[in-house]
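# Notes for the structure review
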Amino acid sequence: MNRPWWQGAVVYQIYPRSFASSNGSGIGDLEGIRRRLDHLAWLGVDAIWLSPFYRSPMADYGYDVSDFCDVDPMFGDLDAFDRLLSDCHERGLKVVVDWVPNHTSDRHPWFEAARSDRDGPKRSWYVWRDPNPDGSPPNNWVASFDTTSPAWTLDEASGQWYLHLFLPEQPDLNWDEPEVEAAMHDTLRFWLDRGVDGFRMDVLHAIGKHPDLPDDPPEYLPIPHSALNHVPEVTLPRVRALRRLLDGYDGDRMMIGEVYLLDTSMVAEYYAGGEGLHLSFNFPPLYAPWDAGAWRHRIDEVATMIDPVGWPTWVLSNHDNPRHRTRYGSEARARAAAFLLLGLRGTPFLYAGEELGLEDAEVPPDRVLDPGGRDGCRAPIPWTPVDGHGWAVEDAWLPWPPGADRGVDAETLRRDPDSILALYRRLLAARRGSSALRFGAQRLIDTPDGALAWERTDGDDRRIVAVNFSGRAVPVDLGEEAVVVVASDGIDEGLPFDGVLRPELGIVLRPSG
Ligand code: NOJ
């Protein structure tokens with residue numbers, strides 16, 4: 001069967017500042033990534049997603065873009081990008097880049113022109129409103145990162161407020177203005193023409209706002225943009241237009257939306273009956289606790305709401321949330337969680353460093369940088385045990401993650417066949433070797449409380465995946481013989497399954513009857 005690459009792929013998220021540096025600046029760059037591609041090839045992922053590397057004043061660490069079609073000098077230049085892209089393609093790795101359509105930097109020439117000339121042609125590219133009669137902001141929306149502040153900033157010179165769902169340095173584009181849509185389409189073409197394989201589209205649901213910008217109901221406050229009036233009638237035509245643009249190119253270019261609506265049925269709408277997103281992030285599982293019942297609920301939601309309309313995705317960690325190793329509280333759980341990420345039906349997104357079992361860094365108050373308090377999960381990747389962990393500096397832009405001086409580094413873990421890194425590699429290989437794991441239908445199997453098990457089937461190929469969330473052994477009755485393919489503690493791989501899930505175990509089984 002001819003399936004698009006993004007259904008079978010495992011996508012590896014790279015946060016460029018934190019991945020690898022080529023120049024001793026303490027900040028990662030594109031050439032640094034290129035020099036570490038061996039790690040990704042050895043690990044066995046299929047694609048990378050690069051968080052923004054565009055020109056940016058870095059108020060939101062790159063999600064405030066001042067030029068969508070250039071590389072920030074901090075990260076290199078367009079030649080460095082082209083080298084990275086072609087090296088990835090030579091190794092068979094697809095490259096997905098971030099695209100930030102909802103807002104620009106306040107230093108983007110478009111916004112500078114809009115702000116400086118109330119009657120100028122760029123004014124309508126952003127969302128401007130007069131103050132209320134009492135001088136207050138046009139509505140009650142609050143800004144992300146600081147929910148005590150309005151999502152509006154007063155431009156003293158013109159006496160009007162401009163909208164920003166995020167920082168004041170990130171004014172929202174006005175997608176009701178056709179020129180904005182056209183200009184943003186051009187930015188996609190720029191990267192498509194260079195050869196990228198797809199886009200991760202930042203807060204995509206936000207590009208369609210209710211034309212009246214009505215107040216949020218009180219129960220939505222103070223949850224910022226996630227709860228903003230969700231207006232699919234406005235957003236979906238724009239999403240469909242993006243899809244048509246990508247479909248006009250050869251080679252299965254893919255778009256995955258960051259649809260940050262914490263409601264799976266709303267996320268499902270963005271697949272737009274096969275005419276919208278190829279993939280969409282679905283964050284409720286990321287916020288689920290380490291608990292079989294909570295996960296079962298989230299898995300059921302995906303099976304009933306997403307699967308009928310599109311291909312699901314799974315993500316446990318990213319640059320916006322504490323790592324799951326930290327949230328779940330132990331390496332045993334992080335290991336078992338990998339079987340959820342890589343064993344459930346859908347495309348997994350693996351955040352750089354989770355294969356090393358990295359925990360969030362402890363960031364002392366005087367080193368806090370991010371306005372959203374997300375520094376911990378953005379700690380630099382320790383590549384080696386010594387010498388600035390492969391960064392050629394003693395201290396990088398953020399502190400090292402815990403354990404970097406005690407063997408939690410890529411080089412040391414790679415030498416240890418029992419490491420979490422070795423486990424990720426075995427699990428990725430098991431996935432690659434089984435069409436059931438990559439594409440197969442999924443059916444939950446009855447298990448006692450505390451554990452989940454599911455069967456994946458694609459034609460003759462079958463696997464069973466099980467995760468024991470509890471701290472005690474749980475017996476499971478499969479009704480057939482099976483061999484252990486991968487186990488999160490490595491104990492009985494290659495041996496017949498004895499019918500018992502050890503505490504906090506993840507396991508892949510191949511029926512052998
Ligand atoms: C979502 C991104 O993942 C996050 O890092 C960023 O701050 C916001 N969108 C705003 O662009």
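Residues numbered from 1 in each chain as written. Predicted model: local features only at pLDDT ≥ 70, side-chain atom pairs only at ≥ 80, totals over all residues. Heavy atoms only, no water.

## Some details on the overall build of the protein
- A count of helices and strands for the protein gives 15 helices and 20 strands.
- The dimensions of the protein, computed from C-alpha atoms along their principal axes, are 75 × 50 × 45 Å.
- Counting over 513 residues, the protein shows a buried share of 61%.
- Long-range pairs, those at least 24 residues apart, make up 67% of the contacts in the protein between residues at least 6 apart in sequence.
- Here the protein displays about 19000 Å² of accessible surface, and carbon together with sulfur accounts for 48% of that area.
- Charge separation in the protein, taken as the distance between the mean sites of 50 positive and 82 negative side-chain charges, equals 5 Å. (Helix = DSSP H or I, 4+ residues; strand = E, 2+ residues; numbered from the N terminus. Buried < 20%, exposed > 50% of the residue type's maximum accessible area, 1.4 Å probe, protein only. Contact = heavy atoms within 4.5 Å. Areas by Shrake-Rupley, 256 points an atom, 1.4 Å probe, with all protein chains shown as cover. Lys, Arg positive; Asp, Glu negative; His and termini not counted. Charge placed at Lys NZ, Arg CZ, Asp CG, Glu CD.)

## So, the site of the ligand
- Lining the immediate surroundings of the ligand are 13 residues, of which D60, H103, D202, H319 and D320 lie closest.
- In the model, an oxygen atom of the ligand is placed 2.7 Å from a nitrogen or oxygen of the D202 side chain.
- When the ligand sits alone it has 290 Å² of accessible area, and the protein chains cover 98% of it.
- Taken together, the residues that form the shell around the ligand break down as 4 nonpolar, 2 polar and 7 charged. (Near = heavy atom within 4 Å. Polar contact = N/O pair within 3.5 Å; in protein donor to acceptor, adjacent residues only side chain to side chain. Nonpolar A, V, L, I, M, F, W, Y, C, P; charged D, E, K, R; others polar.)

## Some remarks on the pattern of salt bridges
- According to the stated counting rule, one finds 38 salt bridges in the structure shown.
- For R374, the salt bridge identified is with D60, shortest N-O distance 2.8 Å. Here R374 is found in the loop between β13 (347-351) and α13 (410-415), whereas its partner D60 is found in the loop between β3 (54-55) and β4 (67-71), with 314 residues between them in sequence.
- What makes R374 buried here is its relative accessible area of 12%.
- For the salt bridge of R238 with D176, the shortest nitrogen-to-oxygen distance reads 2.7 Å. (Salt bridge = Lys/Arg side-chain N within 4 Å of Asp/Glu carboxyl O.)

## Remarks on the pairing of strand β8 (residues 160-163)
- In β8, alternate side chains face the same way, and those of Q160 and Y162 on one face and W161 and L163 on the other are all buried.
- The turn linking strand β7 (residues 152-155) back onto β8 is made up of 4 residues, and G159 within it adopts a positive phi angle of 75°. (Pairing = 2+ DSSP bridges.)

## Notes on the sheet that holds strand β6 (residues 128-129)
- The strand order across the open sheet built from 3 strands is β6-β8-β7, with neighbouring strands paired in antiparallel fashion. In the strand order of this sheet, the two ends are held by β6 and β7, each with one partner.
- The pairing of β6 with β8 spans 2 bridges and is classified as antiparallel. Looking at the pairing, R129 lines up with W161 of β8.

## What to know about the nonpolar core
- The biggest cluster of nonpolar side chains holds 138 residues, and the ones touching the most others in it are Y12, F19, L50, F53, F81, F199 and W295.
- Ranked by the residues each element gives to this core, the list is headed by helix α12 (residues 331-343), at 8 residues.
- The residues touching F19, leaving out its near neighbours within four places in the chain, are Y12, I14, I33, R36, L40, A352, I381, W383 and W391. (Core = buried A, V, L, I, M, F, W, Y, C linked by side-chain atoms within 4.5 Å.)

## Quick notes on the domain arrangement of the protein
- The domain architecture assigned to the protein consists of domain 1 (5-103 + 178-428), domain 2 (109-163) and domain 3 (441-511).
- Between domain 1 and domain 2, the C-alpha centre-to-centre distance is 30 Å.
- With 22 residues of domain 1 at the interface, the matching set in domain 2 holds 16 residues.
- Counting each side, the surface lost to burial between domain 1 and domain 2 is near 1600 Å², with a carbon and sulfur contribution of 68%.
- There are 0 salt bridges connecting domain 1 and domain 2.
- For the side of domain 1 that touches domain 2, the element with the most residues is helix α7 (residues 178-194), which contributes 4 residues. (Domains from an automatic or database assignment. Buried area = accessible area lost by both parts, 1.4 Å probe.)

## Structural notes on the sheet that holds strand β16 (residues 461-468)
- The strand order across the open sheet built from 5 strands is β14-β15-β16-β20-β18, with neighbouring strands paired in antiparallel fashion. Looking along the sheet, the strands with just one partner apiece sit at the ends: β14 (441-445) and β18 (482-487). Taken over all neighbouring pairs, the strand axes of this sheet differ in orientation by 25° on average, direction set aside.
- Against the sheet, α12 touches β14, β15 (451-458), β16, β18 and β20 (506-511), its axis set at about 145° to β16.
- Along the sheet, helix α14 (residues 420-432) makes contact with β18 and β20, crossing β18 at roughly 130°. (Axes fitted to C-alpha atoms, helices over the stretch in contact; angles between N-to-C directions.)

## Examining the environment of R323
- Considering the arrangement of structural elements, one finds R323 in the loop between β12 (313-315) and α11 (324-328).
- Between the C-alpha atoms of R323 and A361, which are 38 residues apart in sequence, the distance is 9.8 Å.
- Within the structure, R323 has its side chain in polar contact with the backbone oxygen of A352 (distance 2.7 Å).

## Details of the packing of α12 against α14
- With their axes 11 Å apart at the nearest point, α12 and α14 run at an angle of 15° to one another. Classed by the angle they form, the pair α12 and α14 counts as roughly parallel. In this structure, α12 crosses over α14, and the sense of that crossing is right-handed. Of α14, the residues touching α12 (which contributes E331, A334, R335, A338, F339 and L342) are I420, L423, Y424, L427, L428 and R431.
- Taken together, the residues of the contact of α12 with α14 break down into 9 nonpolar, no polar and 3 charged. (Parallel < 35°, antiparallel > 145°, perpendicular 65-115°, else oblique. Left-handed = near helix turned anticlockwise from the far one by under 90°.)

## Digging into helix α8 (residues 232-247)
- When the terminal C-alpha atoms of α8 are compared, their 21 Å separation across 16 residues agrees well with the 22 Å that a helix rising 1.5 Å per residue should span.
- Considered for burial, the residues of α8 that qualify are P232, V234, T235, L236, R238, V239, A241, L242, R243, L245 and L246.
- For α8, the elements touching its buried residues are β5 (94-99), α7, β9 (198-201), β10 (254-257) and α9 (264-269). (Expected span 1.5 Å × (residues − 1).)

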